[in-house]
Amino acid sequence: IGAQTLLQRAADEAERRAYADNPGARALAPGFSPHPDANPDAPALPTAAEVRSDWGLLDGPCEGDWAPTEGSVAEGCQSTGAPEDAKVIVAVGNSRMRQSAMSLIGPAEEHGWRLVLIHKNSCQFMPGVMTYSGQECFDHNLAVMDYLRELDPDAVVVNTTVYRGVGPETESEVLGETVPELLSLDIPVVAMRTPPRAVENPLDCLDAGGTDEECTTPLDPSHMPQVRTDAARLEQLAGEGAVHAVDLLPVLCPQHECRPLIGNMYVFQDQDHITATYMESTGPEVE
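The model shown is predicted, which means the values in this text are computed figures rather than measured ones. (Residues numbered from 1 in each chain as written. Predicted model: local features only at pLDDT ≥ 70, side-chain atom pairs only at ≥ 80, totals over all residues. Heavy atoms only, no water.)

**Here's the deal with the overall build of the protein**
Thought 1: A count of helical and extended segments in the protein gives 12 helices and 13 strands.
Thought 2: Taking 287 residues into account, the globule formula puts the C-alpha radius of gyration at 19 Å, and the protein, at 19 Å, falls close to it.
Thought 3: Projected onto its principal axes, the C-alpha coordinates of the protein cover approximately 50 × 45 × 40 Å.
Thought 4: Here the protein, with 287 residues, has 52% of them falling under the buried criterion.
Thought 5: By sequence separation, contacts in the protein at least 24 residues apart represent 72% of the contacts at least 6 residues apart. (Helix = DSSP H or I, 4+ residues; strand = E, 2+ residues; numbered from the N terminus. Rg over C-alpha atoms; globule rule 2.2 N^0.38 Å. Buried < 20%, exposed > 50% of the residue type's maximum accessible area, 1.4 Å probe, protein only. Contact = heavy atoms within 4.5 Å.)

**Some remarks on the pattern of salt bridges**
Thought 1: Inspection of the entire model under this criterion finds nine salt bridges.
Thought 2: R52 is paired through a salt bridge with D204; the nearest N and O atoms lie 3.0 Å apart. With R52 in the loop between α2 (18-21) and β1 (60-61) and D204 in helix α8 (residues 202-207), the pair connects residues that are 152 residues apart, well separated along the chain.
Thought 3: Residue D204 is classed as partly exposed on the basis of its relative accessible area of 43%. (Salt bridge = Lys/Arg side-chain N within 4 Å of Asp/Glu carboxyl O.)

**Some words on the side chain of H119**
Thought 1: Positionally, H119 belongs in strand β4 (residues 114-119).
Thought 2: On the accessibility criterion, H119 (12% relative accessible area) is buried.
Thought 3: There is a polar contact of 3.5 Å between the side chain of H119 and the side chain of R98.
Thought 4: Ignoring any residue separated from it by four or fewer positions in sequence, one finds H119 in contact with G76, Q78, G93, N94 and R98. (Polar contact = N/O pair within 3.5 Å; in protein donor to acceptor, adjacent residues only side chain to side chain.)

**Details of the sheet that holds β4**
Thought 1: If you trace the seven strands from one edge of the open sheet to the other, you get β1-β2-β4-β3-β5-β8-β10, paired in mixed fashion. This sheet does not close on itself; its edge strands, each paired only once, are β1 and β10 (243-246).
Thought 2: With six bridges connecting them, strand β3 (residues 88-93) and β4 associate as parallel partners. Counted as the bridge partner of G93 is H119 from β4. (Pairing = 2+ DSSP bridges.)

**Re the state of the cysteines**
Thought 1: In total, this model carries four disulfides according to the counting rule given.
Thought 2: Linked covalently through their sulfurs, C62 and C77 form a disulfide whose S-S length is 1.9 Å. Looking down the S-S bond of the C62 and C77 bridge, the torsion is -85 degrees, so its handedness is left-handed. Of this pair, C62 sits in the loop between β1 and α3 (71-75) while C77 is found in strand β2 (residues 77-79), placing the two residues 15 residues apart along the sequence.
Thought 3: Taking the relative accessible area as the measure of exposure, C77 reaches 5% and is therefore buried.
Thought 4: One disulfide bridge connects C253 with C258, the sulfur atoms lying 2.1 Å from each other. (Disulfide = S-S within 2.5 Å.)

**Quick notes on the environment of R17**
Thought 1: Summarising the element assignment, R17 is placed in the loop between α1 (2-16) and α2.
Thought 2: Note on R17: relative accessible area 31%, which makes it partly exposed.
Thought 3: Sequence separation between R17 and D37 is 20 residues, and the spatial gap between their C-alpha atoms is 9.4 Å.
Thought 4: Apart from the residues lying within four places of it in its own chain, the contact partners of R17 are N22, D37, A38 and N39.

**Quick word on unusual backbone geometry**
Thought 1: In this chain, L45 is followed by P46 through a cis amide linkage whose omega measures -10 degrees.
Thought 2: With respect to the secondary-structure elements, P46 resides in the loop between α2 and β1.
Thought 3: A positive phi angle is found at Q255, which is not glycine, with a value near 55 degrees.
Thought 4: Counting through the fold element by element, Q255 comes out in the loop between α10 (249-252) and β11 (257-258).
Thought 5: A relative accessible area of 68% means that Q255 is categorised as exposed.
Thought 6: Phi angles above zero are rare outside glycine, and N264 is one such case at about 60 degrees.
Thought 7: Locating N264 in the fold gives a position in the loop between β12 (261-262) and β13 (265-266).

**Some thoughts on the pairing of strand β8 (residues 189-192)**
Thought 1: Where burial is concerned, the two faces of β8 agree: the one with V189 and A191 and the one with V190 and M192 are both buried.
Thought 2: With four bridges joining them, strand β5 (residues 155-159) and β8 adopt parallel strand pairing. Note on β8: the bridge partner recorded for V157 is V190.
Thought 3: Bridge count between β8 and β10: four bridges; the pairing is parallel. Following the sheet pairing, V190 is matched in β10 by H244.

**Focus on the packing of aromatic side chains**
Pairs of aromatic rings are described using the distance from one ring centre to the other and the angle between the two planes.
Thought 1: In the structure shown here, the tally under the stated rule is zero aromatic pairs.
Thought 2: Against the face of W66 rests R114, its NZ or CZ located 3.7 Å from the ring centre. (Phe/Tyr/Trp six-rings, centres within 6.5 Å; stacked < 30°, edge-to-face > 60°. Lys NZ or Arg CZ within 6 Å of the ring centre and 35° of its normal.)

By themselves these figures say nothing about function.
Given below as structure tokens:
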């Protein structure tokens, strides 16, 4: 209990100073200058004790008008607080979208929107498509689509590319029928490019005594090119409704180099996931 209390105090103190000491993705903005009160020896965020469990988390469960009736949808549903008449943005997908959705917290708070996240681990949002996750994921995605039709949100956020770390990035099958249907229902779609994956877990490299430079791994541009794989398809769909393309690759792996730390924040939680803390710092880029 004593150790846990000390760790929590350290985490709380680091968060209080985070704006000055831990700019995260803001450090990549053109013309960025370090805060005059920044401590050059400040610990990185999330703290070393928390980084491997830094999962995205919103304020609470989905309740009231936003409560799903189907069990698997309700189980993975989180929501931020907002006025009853606030616009509603729903992000749906797997654990990687769970992390990506944290980038929407800042813009949602700024504009007074309600952000809803529906996620299921290893279940990419491709309604009507049998993925490697099997029948449970197939049924879940159909139930999520029914939820979206009933809720009629002001926007839906989905990953529209797929990158598994082996072979090149591909278009997601969500672009086949699901996105066109959402657009036909006058629901704007925020098309987020899927995040990159590191060649190896940067945290393991750092724990083994590697430096930030030694633990930086290249991202193969033939796997994730500068121009996202779904660019032509998104341009085509823009003629059918409001499609907003969001590509965070430049701030996740700048110049196709995946660094363990940017702006005194850990970027990767593991080989396949960006930390929720760093992803939230990309809010201005998403804005």
